[in-house]
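# Observations on the three-dimensional arrangement
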Amino acid sequence: CSIYPDLHRTILDSLSVTYGDSSPKGRAKGLYPAAAPHDKQKEDTPMARTGRYEIDMCSGKLLPKILTFALPLMCSSVLQLLFNAADIVVVGKFAGDNSLAAVGSNAALINLMVNLFVGLSVGANILAARYTGAGNREGLRQTVHTSMLLALLSGILLAVVGVITARPLLHLMQVPDSILPLAALYLRIYFLGMPAAMLYNFGAALLRSVGDTRRPLYYLIAAGIVNVALNLLLVIVFQLDVAGVAIATVVSQCLSAFLVVRCLMHEEGDIRLELRELRITLPRLGQILEIGIPSGIQGVAFSLSNVIIQASINGFGETVISGNTAASNIEGFIYVACNAFCQANMAFTSQNYGAGKLERLKPIALCSAACSASVAVIGGMLCWLFGPQLLHIYSNSDTVVAAGMARIAIMFPLYILCGLMDVIVGSIRGIGYSITPMIVTLLGACAFRVVWIATIFRVPRFHTPETIYWSYPISWALTFLTHLVCLVIMMRRLYRREGIVSKHHHLTHRHTA
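Right, let's walk through the structure included here.

About the thresholds
- Residues numbered from 1 in each chain as written.
- Predicted model: local features only at pLDDT ≥ 70, side-chain atom pairs only at ≥ 80, totals over all residues.
- Heavy atoms only, no water.
- Patch = residues over 30% accessible without salt bridge, like charges linked within 9 Å, V, L, I, M, F, W, Y side chains within 5 Å.
- Areas by Shrake-Rupley, 256 points an atom, 1.4 Å probe, with all protein chains shown as cover.
- Salt bridge = Lys/Arg side-chain N within 4 Å of Asp/Glu carboxyl O.
- Helix = DSSP H or I, 4+ residues; strand = E, 2+ residues; numbered from the N terminus.
- Axes fitted to C-alpha atoms, helices over the stretch in contact; angles between N-to-C directions.
- Parallel < 35°, antiparallel > 145°, perpendicular 65-115°, else oblique.
- Left-handed = near helix turned anticlockwise from the far one by under 90°.
- Contact = heavy atoms within 4.5 Å.
- Bend = angle between axes of the 7 residues up to and from the residue.
- Polar contact = N/O pair within 3.5 Å; in protein donor to acceptor, adjacent residues only side chain to side chain.
- Phe/Tyr/Trp six-rings, centres within 6.5 Å; stacked < 30°, edge-to-face > 60°.
- Buried < 20%, exposed > 50% of the residue type's maximum accessible area, 1.4 Å probe, protein only.
- Lys NZ or Arg CZ within 6 Å of the ring centre and 35° of its normal.

## With respect to a nonpolar patch on the surface
There is a patch of nonpolar side chains on the surface, built from Phe94, Leu232, Leu233, Ile236, Val237, Phe238, Leu240, Ile247 and Val251 and spanning about 770 Å² of accessible area. When contributions to the nonpolar patch are tallied by element, the ones reaching two or more residues are helix H9 (214-237) and helix H10 (241-265). Broken down by element, the nonpolar patch gets its largest block of residues, 4 residues, from H9.

In structure tokens:
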């Protein structure tokens with residue numbers, strides 16, 4: 001941070017990917033709609049809107065609309081975690097600690113392999129929101145059909161790779177031999193559902209781009225009920241152990257994918273999906289990849305560091321693995337609640353940037369950050385205070401609960417750092433920069449945690465799970481501060497480019513005069 005102000009011009013000019021280029025050169029390339037009201041790519045006719053589910057992000061009071069956007073998304077994510085937690089609870093209660101550890105040992109690896117492609121859905125979301133704000137109807141239609149075909153192809157690729165490489169990858173993660181067969185079986189079945197999972201993620205991202213976060217919530221409720229029912233049936237009645245949990249997950253993913261695809265096919269607006277129009281439009285694919293790949297790599301960076309951490313945790317045996325799994329599952333509820341405001345920030349920023357309403361960007365970021373910080377503080381402290389009771393839901397073992405509390409006591413009170421870090425990234429991506437947050441995350445999250453494990457953790461005195469857990473809040477703080485510096489610099493450059501002078505600068509200039 002201390003040397004960045006002297007280098008930021010060179011770094012940003014060489015690394016930033018701004019898809020809101022309003023220069024003549026940027027327009028000539030036909031890239032992305034620039035942040036100007038007179039955008040040449042805008043059509044004369046207004047965007048067709050379904051009205052009932054969409055949110056007007058470009059006018060009106062921000063807080064009510066951000067909450068209207070974020071709360072259904074938060075509920076969707078929390079429900080999804082509840083249904084995933086049902087997997088863990090059913091396995092832990094009715095199949096034993098080894099089965100619980102087998103399922104938990106897969107989490108970091110699954111996230112590592114999936115996050116790159118989920119990052120592409122972020123690209124689809126931002127691009128669709130930008131075209132919605134700019135009124136580019138043809139660009140939006142092409143984005144929809146390119147995204148959904150890309151989702152299907154990505155899911156098939158993930159399924160093939162996951163099934164073939166399951167056991168070797170788990171070996172690399174040092175999964176104990178006592179749970180390796182169960183872990184490999186779970187992973188293979190889980191990855192068979194990847195085409196459906198990708199279709200849902202991309203479809204929900206497209207709906208979010210126009211402000212619709214309610215219907216994905218309804219679909220998750222339906223899929224989650226099926227998931228829980230199948231968990232109970234397959235694990236308790238048919239005693240299929242981890243295979244039953246994996247099968248229930250795949251079936252529920254197929255249901256949610258079917259519902260979101262059906263929704264898009266019955267849309268009356270410009271995000272309507274028509275199967276005969278499914279094709280890869282190369283300019284739209286290039287734009288999605290340009291935004292999505294850095295986002296995916298950022299997700300992979302977090303996941304890679306988590307894989308390394310999980311491998312280190314695995315060395316402490318099944319009890320610590322089970323406790324860490326349960327605590328991580330609880331942590332997920334706080335994370336997705338905070339991340340809902342990151343998604344809201346990104347969508348609102350993208351639409352307003354596309355519509356040329358740059359004066360709303362700072363209020364959007366501040367409002368989103370305040371909401372995320374509030375959720376992080378309240379959620380983190382409540383889970384810390386009631387940690388033992390929550391962990392007992394996952395396991396009856398007191399030693400597993402104690403192992404889980406070691407993680408909760410260190411990470412949860414400081415979760416505000418993670419929430420603020422994510423919101424800042426949403427602003428950066430929303431105004432058109434993809435590579436810069438990727439680089440910062442690679443260094444601040446992945447590289448730092450790897451170095452931490454390779455150095456501090458190797459010292460005999462600090463060779464404990466608690467040392468591993470401390471790497472999280474420290475990396476959050478470093479990454480948040482660096483992202484904040486980047487955002488301030490980018491916003492100043494954006495306002496100078498568009499000829500906007502901040503109120504603070506104007507008052508300072510008048511006082512000096």
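## Notes on the packing of helix H12 (residues 318-354) against helix H15 (residues 398-411)
Between H12 and H15, whose axes approach to 7 Å, the crossing angle comes to 45°. Here H15 runs oblique to H12, going by the angle between their axes. Read as a crossing pair, H12 and H15 show a hand that is right-handed. For the pair H12 and H15, contact is made by Thr319, Val320, Ser322, Gly323, Asn324, Ala327, Ser328, Ile330 and Glu331 and by Thr399, Val400, Ala403, Gly404, Arg407, Ile408 and Met411, respectively.

## Section: the pattern of salt bridges
Taken as a whole, this structure holds 9 salt bridges when the rule is applied. Residues participating in the shared-partner salt-bridge network are Arg137, Glu138, Arg141 and Asp270.

## Quick look at helix H6 (residues 137-172)
Along H6, the sharpest change in direction is near 60° and occurs at Ala166; proline Pro168 comes one to four residues later. Looking at where H6 begins, the residue whose side-chain oxygen comes 2.9 Å from the main-chain nitrogen of Gly139 is Asn136. The positive-phi residue at the C-terminal boundary of H6 is Gln174, with phi of around 60°.

## Remarks on the packing of aromatic side chains
Summed over the entire model, instances satisfying the criterion amount to 8 aromatic pairs. Centre to centre, the rings of Phe316 and Phe457 are 6.2 Å apart; their planes meet at 65°, and the pair counts as edge-to-face. Of this pair, Phe316 sits in the loop between helix H11 (282-314) and H12 while Phe457 is found in the loop between helix H17 (435-454) and helix H18 (465-498), placing the two residues 141 residues apart along the sequence. What makes Phe457 buried here is its relative accessible area of 2%. A connected cluster of aromatic rings, assembled from ring pairs, spans Phe412, Tyr415, Tyr472 and Trp476. Above the face of the Tyr472 ring, Arg407 is positioned so that its terminal group lies 5.1 Å from the ring centre.

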